[in-house]
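In case you want the letters, here they are:
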Protein chains: 2
Amino acid sequence: MNYSDVVKEQSGYEDFLASCEHAKSVSLLATVDGLLQWDEQTMLPAAAGGFRADQAAALAALTHAQRTKKEQGERLEKLADSSLATNGPDAIQATIRLLHEDFQKQSRVPGRLVEEIARTSIEAQQEWVCAVEASEWKNMVTHLEKMFSLKRELATCQSPELDPYDSLMDEYEPGARWRSVDATFSRLRKDLAPLVRGCFESTNGPQDAVLRGTFPLLSQQTFVRQIIEKIGFQFDRGRLDTTAHPFCSTLGPNDCRLTTRWDEAFLPTALYSVLHEAGHGLYEQGLPVDWFGLPPGEATSLGIHESQSRLWENLVGRSPEFWEWCYPLAQKAFPKSFDDVTSDELAEAVRSVEPNFIRVEADEVTYNLHVMMRFDLEREIIHGNLAVVDLPYAWNDRFEADFG
Amino acid sequence: MNYSDVVKEQSGYEDFLASCEHAKSVSLLATVDGLLQWDEQTMLPAAAGGFRADQAAALAALTHAQRTKKEQGERLEKLADSSLATNGPDAIQATIRLLHEDFQKQSRVPGRLVEEIARTSIEAQQEWVCAVEASEWKNMVTHLEKMFSLKRELATCQSPELDPYDSLMDEYEPGARWRSVDATFSRLRKDLAPLVRGCFESTNGPQDAVLRGTFPLLSQQTFVRQIIEKIGFQFDRGRLDTTAHPFCSTLGPNDCRLTTRWDEAFLPTALYSVLHEAGHGLYEQGLPVDWFGLPPGEATSLGIHESQSRLWENLVGRSPEFWEWCYPLAQKAFPKSFDDVTSDELAEAVRSVEPNFIRVEADEVTYNLHVMMRFDLEREIIHGNLAVVDLPYAWNDRFEADFG
């Protein structure tokens with residue numbers, strides 16, 4: 001159904017449509033902010049970061065003001081008590097409930113804080129790129145400290161009744177609580193730890209030597225574009241570009257943008273990061289266009305999102321069947337590279353398991369350890385049990401313990 | 001001087017700073033709109049045009065509301081009567097006068113019209129790209145008719161005392177009036193017509209055969225980037241990308257973006273369009289950064305802008321000295337293409353004069369005829385003497401008369 005299909009005679013009909021129109025007007029601005037961020041990470045000239053932070057802050061303030069307009073709050077209050085909210089079609093009930101919850105949450109956050117977070121995240125992102133290039137941690141400390149401090153404030157504002165980490169996690173995984181995630185992770189770690197250890201110690205596990213060599217950038221780009229187009233990513237409704245950190249960003253109902261980084265010496269870096277992001281992209285491109293800007297047109301949660309990205313990256317992309325299909329494309333893209341290799345050998349090579357410092361380049365087994373490590377360290381900082389300045393030591397200790 | 005250098009004790013000091021801060025906040029939003037448009041022409045997926053038009057319309061409405069805020073008008077009224085406006089430093093006097101004039105003009109335009117123009121220009125631009133590809137004029141008629149009608153309305157709103165074409169021209173060339181431009185063009189045409197005729201009829205004029213061949217895209221990109229970097233375009237404060245129609249767009253004090261199209265069979269297409277746009281870019285990059293968003297930090301007029309772009313394109317770029325310098329770069333970028341050609345021969349080849357349907361690809365002589373033709377036809381439509389639907393016939397007649 002379309003959001004405007006609600007029955008005209010029903011009580012709450014006009015308020016519902018007006019609320020939806022308002023939410024859509026907010027999402028127009030939010031996607032413009034999305035473009036500022038996408039552009040910042042893909043296109044922005046090196047010297048333009050400061051002004052981009054100003055632009056993002058100004059737009060964030062305007063968007064927040066629009067998002068928390070009093071009239072929308074009043075409409076949603078009325079709607080929440082209407083018969084539509086209890087007896088309407090499921091999608092409409094859910095829309096009312098989620099718009100109302102979100103409005104209440106956002107209204108508790110001061111515009112000044114939203115503006116400051118927008119500015120700081122651009123500034124920190126700019127600094128991060130330089131810090132990675134220079135392999136220099138210390139310039140990040142101030143930015144990260146500021147970001148964590150702002151996020152702690154946000155957590156308390158938006159959901160004062162929740163633990164601050166739960167409040168922040170709620171934006172990504174609605175309803176999830178850290179104690180429950182922690183319990184799940186602990187259970188998984190019990191089997192994962194010996195599995196990883198076994199992989200590291202094994203002398204006859206898969207080796208990735210055949211995936212190392214020279215894979216020219218342009219050939220890789222053609223290769224991965226062909227692959228994700230075949231699995232259904234629509235390039236007339238999306239793009240693929242280059243960034244320091246891969247991501248998928250939706251800037252409109254027909255504008256889903258993937259990014260990746262490339263390594264000319266190691267094929268899997270881009271291939272699996274693009275398959276991963278394309279998994280996100282397929283989910284986004286599959287959402288109902290008519291509902292764009294309203295809850296039924298938006299992703300349910302990061303967990304569901306990752307289920308799609310890792311499905312394509314690992315369950316599909318590392319299977320023998322995938323490589324059987326993909327083998328001719330690979331041979332065409334990289335003549336001679338795979339002359340002495342079969343598709344089965346390639347499918348085996350991409351399953352090698354090795355310690356890797358970088359989560360987005362980690363294999364399908366150790367990736368989970370990275371997620372758990374991040375979950376723990378991030379939470380410890382938010383809870384005030386770990387200082388940002390000590391993060392590298394904590395990270396090293398944990399890496400040593402999990403991967404060492 | 002910096003805009004904040006105004007003397008603290010002077011009457012109007014606080015109003016001046018507040019007006020400048022307000023104008024800068026408007027320019028933050030205006031440059032975000034600039035990004036929406038740049039992205040639309042360089043990056044936007046094919047199916048995303050409709051939503052982009054919605055985004056641009058929403059942002060235009062917000063920007064207009066901010067631009068015409070009552071408090072800013074009141075401040076500027078007071079300032080215009082202050083001693084700063086008559087006795088302050090030149091840059092400050094000019095800032096007050098121009099901000100005040102602009103505020104009055106903008107305040108007469110309804111937000112609804114600004115929104116509609118933003119939407120229509122994106123829609124028309126999207127359609128234009130398709131129309132050019134399909135070589136199909138008729139789909140453009142509705143868009144152009146709508147655009148001209150909106151622009152006529154804008155003309156009357158913003159400067160009701162002016163002829164509508166003058167009102168519109170005033171945005172690009174402040175103070176210029178069409179009758180005076182027309183008189184200048186008529187004078188120039190007297191000498192230009194026989195000059196063009198002479199060029200066309202000459203049997204020993206420059207020939208561009210040596211510039212035709214195969215010039216691979218990537219080599220051209222490296223080549224022209226080297227050239228404009230050498231003449232001073234700063235890539236840490238700008239970019240060069242690909243579009244259907246070349247332009248230069250400033251998205252911030254350190255974010256000047258050039259675009260061009262490429263022709264692998266004819267070197268001058270991209271080279272001279274990029275030199276032209278880089279001329280605009282050098283002017284923009286040379287504006288005082290501290291004044292960004294205020295009149296002294298903005299280009300004076302399109303005429304001054306074109307004086308810079310055509311200086312680099314023609315006076316520099318088509319000179320023997322340029323080609324003497326550029327020759328080794330060209331040889332390196334296109335090995336063998338110029339083995340049997342001297343730099344003097346190249347400098348001569350780029351001065352060939354030929355009828356060309358497309359203004360941005362026209363040579364330095366006939367380009368002027370294109371400008372005059374556009375000036376006349378555009379004005380005739382605005383004045384209601386020519387219907388959009390008849391434009392192709394009028395264009396063909398005029399082309400035949402001027403170039404035929």
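In this text the structure is predicted, and so the values were computed from the model without any measurement.

Asker: Sorry if this is basic, but what is going on with the packing of aromatic side chains here?
Answerer: Aromatic ring pairs are reported here in terms of the distance separating the ring centres and the angle at which the planes meet. Counted by the stated rule, this structure contains 28 aromatic pairs over all chains. With centroids separated by 4.2 Å and ring planes inclined at 10 degrees, the aromatic side chains of F399 of chain A and F403 of chain A adopt a geometry described as stacked. Pair noted here: F399 of chain A and F403 of chain A are both in helix α16 (residues 391-403), with a separation of four residues, about one helical turn. For the pair formed by F399 of chain A and F403 of chain A, the shared burial category is buried. When the ring of F322 of chain B is compared with that of W325 of chain B, the centres are 5.7 Å apart and the planes differ by 50 degrees; the resulting orientation is tilted. One end of the pair, F322 of chain B, and the other, W325 of chain B, are both in helix α13 (residues 320-333), three residues apart, so they sit about a helical turn from each other. Grouping aromatic residues by their ring pairs yields a cluster made of F215, F223, F334 and F338 of chain A.

Asker: What's the story with the relation of the copies chain A and chain B in this structure? I'm lost.
Answerer: Mapping chain A onto chain B calls for a screw motion: a turn of 180 degrees about the axis and a shift of 0.0 Å along it, with 0.0 Å RMSD after fitting. This pairing of chains is accounted for by a two-fold axis. Comparing interface residues between copies, 100% of those in chain A also sit at the interface in chain B, which points to an isologous, same-surface contact.

Asker: Would you explain the side chain of H305 of chain A in this entry?
Answerer: All names here are of chain A. For H305, the location among the structural elements is in helix α12 (residues 302-316). For H305, a relative accessible area of 10% translates into the label buried. For H305, the side chain forms a polar contact with the side chain of H280, separated by 2.9 Å. With sequence-adjacent residues up to four places away left out, H305 is seen in contact with H280, Y283, E284 and A299.

Asker: In this structure, what is going on with the domain arrangement of chain A? I would like to understand it.
Answerer: Note on interface size: it is often stated as the accessible area lost on association of the parts. Residues and elements named next belong to chain A. Taken domain by domain, chain A consists of domain 1 (3-161) and domain 2 (178-403). Look at where the C-alpha atoms of domain 1 and domain 2 centre, and you get two points 27 Å apart. Taken residue by residue, the interface counts 26 residues in domain 1 and 27 residues in domain 2. Buried area between domain 1 and domain 2, summed over both chains or domains, comes out near 2,200 Å², and the portion from carbon and sulfur atoms is 75%. It is W38, W137 and F148 that lose the most area in domain 1 upon contact with domain 2, and together they represent 27% of the buried surface on that side. Counting across the domain 1 and domain 2 interface gives zero salt bridges. Our count for the contact surface shared by domain 1 and domain 2 stands at four residue pairs in polar contact (both at pLDDT 80 or more). Counting only elements with at least two residues in the side of domain 1 that touches domain 2, the list comes to α1 (13-42), α5 (90-107), α6 (111-134) and α7 (138-158).

Asker: Explain the pairing of strand β1 (residues 238-242) of chain B here, please?
Answerer: Within a regular beta strand, the side chains point alternately toward one face of the sheet and then the other, so they alternate between its two faces. Residue and element names in this part refer to chain B. Of all the five residues making up β1, four are buried; the element is thus mostly covered by neighbouring parts of the structure. Pairing analysis gives five bridges linking β1 to strand β3 (residues 255-260), with the strands arranged parallel. Note on β3: the bridge partner recorded for D241 is T259.

Asker: What exactly am I supposed to notice about the pairing of strand β3 (residues 255-260) of chain A here?
Answerer: All names here are of chain A. Here β3 lies mainly inside the structure; six of its six residues are buried. Alternating positions in β3 separate into two faces, D255, R257 and T259 on one and C256, L258 and T260 on the other, with burial throughout. Bridge count for strand β2 (residues 248-252) against β3 is four bridges, and the pairing is antiparallel. Directly across from S249, in β3, lies its bridge partner R257. Between β2 and β3, which pair antiparallel one after the other, the connecting turn spans two residues.

Conventions we followed
- Residues numbered from 1 in each chain as written.
- Chains lettered and ligands numbered in written order.
- Predicted model: local features only at pLDDT ≥ 70, side-chain atom pairs only at ≥ 80, totals over all residues.
- Heavy atoms only, no water.
- Phe/Tyr/Trp six-rings, centres within 6.5 Å; stacked < 30°, edge-to-face > 60°.
- Helix = DSSP H or I, 4+ residues; strand = E, 2+ residues; numbered from the N terminus.
- Buried < 20%, exposed > 50% of the residue type's maximum accessible area, 1.4 Å probe, protein only.
- Least-squares fit on C-alpha atoms with pLDDT ≥ 70 in both.
- Contact = heavy atoms within 4.5 Å.
- Polar contact = N/O pair within 3.5 Å; in protein donor to acceptor, adjacent residues only side chain to side chain.
- Domains from an automatic or database assignment.
- Buried area = accessible area lost by both parts, 1.4 Å probe.
- Salt bridge = Lys/Arg side-chain N within 4 Å of Asp/Glu carboxyl O.
- Pairing = 2+ DSSP bridges.

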